Amino acid sequence: MNFDFLTILFIQISIYTLLAVSFNFSLGFTGLINLGHIAFYGLGAYTSAILWQKGLPVYSTILIGGMVAAFFSYGLIFFIRKLKGDYLAMATLSFNFVIYSLLLNLDDLTSGSQGIAGIERPSGLDNNFAFLVFVVLVTSLCIYLMWRILTSPLGKMFQAVRDDEVLIRSLGKNSFELKVKSITISAFFAGIAGGLWGHFLGFIHPSFFYLNEVIILLTIVIIGGLASLKGTILATFIIVFLPELIRLLDIPQSILGPMRQIVYQLTLLIILLFNSRGFFGKIDLE
């Protein structure tokens, strides 16, 4: 492994850490089985890339990408507000397919199946190491903000909704409003992660935000443990780093992809056999 390879790998780990922690924010801490999280990730990436093409500064486009993702999350939770459990999961999963179809077919806006190429990084961050420092700082700040929210009275209310929504309502609290706040915060940070990903790669395509990414994200959160930030951070490192080691093996490219998926699933099975809650899981989500 050379230095540049490790730098690129740690950029990926940092961005995925932000995405996974934001996912656990709504899933583990509020009990919202939101399988549409990758759609918010994609919305952030595409919004940032499109606004960059229009001439806006990169820092602004990444922030606006987060806001657009949060706006769409509000619309999603409003339309599915009466759904729970498996029905909620299926509805949010369907949202992924809707956004994927829009990204793939709105050629004038998203360039469709061609994707958007030539996306530049912020000024002065062309060097991979400099961009890594930037990404680590942004990810650290975002995770810190989520931690502050989760340890605040609002965060305690999120967890109360997860544990006993009926009790929260009996105390006169608006559980729907709390769910809206949770999913919009979660989506905002997912959008930020998407913007970082697009400017890191320099190219985005609808296939980057499809069902396989949902599986990887769920694997990370389950291995790390629901309602655990440190568990999610550790699991992200494991799930992103281990499959990359396979690249060092002298095997055909046609086998590389399936082997990476096998590593994901074996890691998940082995860890869950020893601890059904993952590394630091605090709850069992029914």
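Above this text is the structure in question.
Residues numbered from 1 in each chain as written. Predicted model: local features only at pLDDT ≥ 70, side-chain atom pairs only at ≥ 80, totals over all residues. Heavy atoms only, no water.

Asker: Got a minute to help me understand the environment of Phe129 in this structure?
Answerer: Here Phe129 lies in helix 6 (residues 128-150). Judged by relative accessible area, which is 42%, Phe129 ranks as partly exposed. With 109 residues separating them in the primary sequence, Phe129 and Ala20 have C-alpha atoms 23 Å apart. (Helix = DSSP H or I, 4+ residues; strand = E, 2+ residues; numbered from the N terminus. Buried < 20%, exposed > 50% of the residue type's maximum accessible area, 1.4 Å probe, protein only.)

Asker: Can you walk me through the packing of aromatic side chains in this structure?
Answerer: In this description, a pair of aromatic rings is defined by centroid distance and the angle of the planes. The final tally for this structure, using the stated rule, is 21 aromatic pairs. When the ring of Phe71 is compared with that of Phe72, the centres are 6.0 Å apart and the planes differ by 90 degrees; the resulting orientation is edge-to-face. For Phe71, a relative accessible area of 61% puts it in the exposed group. On the basis of an interplanar angle of 65 degrees and a centroid distance of 6.3 Å, the ring pair of Phe208 and Phe209 is categorised as edge-to-face. Each member of the aromatic cluster is reached from another via a ring pair, and the members are Tyr16, Tyr41, Tyr46, Phe203, Phe208 and Phe209. Sitting over the ring of Phe131, Arg121 keeps its end group 4.7 Å from the ring centre. We note Lys230 situated over the ring of Phe280; from NZ or CZ to the ring centre the distance is 4.6 Å. (Phe/Tyr/Trp six-rings, centres within 6.5 Å; stacked < 30°, edge-to-face > 60°. Lys NZ or Arg CZ within 6 Å of the ring centre and 35° of its normal.)

Asker: Teacher, can you tell me more about unusual backbone geometry here?
Answerer: For residues that are not glycine, phi is negative in most cases, and the peptide bond is trans in most cases. A positive phi angle is found at Ser111, which is not glycine, with a value near 65 degrees. Residue placement: Ser111 occurs in the loop between helix 5 (107-110) and strand 1 (116-117). What makes Ser111 partly exposed here is its relative accessible area of 27%. Even without being glycine, Ala227 reaches a positive phi, approximately 65 degrees. Among the secondary structure elements, Ala227 is positioned in the loop between helix 10 (211-224) and helix 11 (229-245). A relative accessible area of 3% means that Ala227 is categorised as buried.

Geometry only, nothing functional implied.
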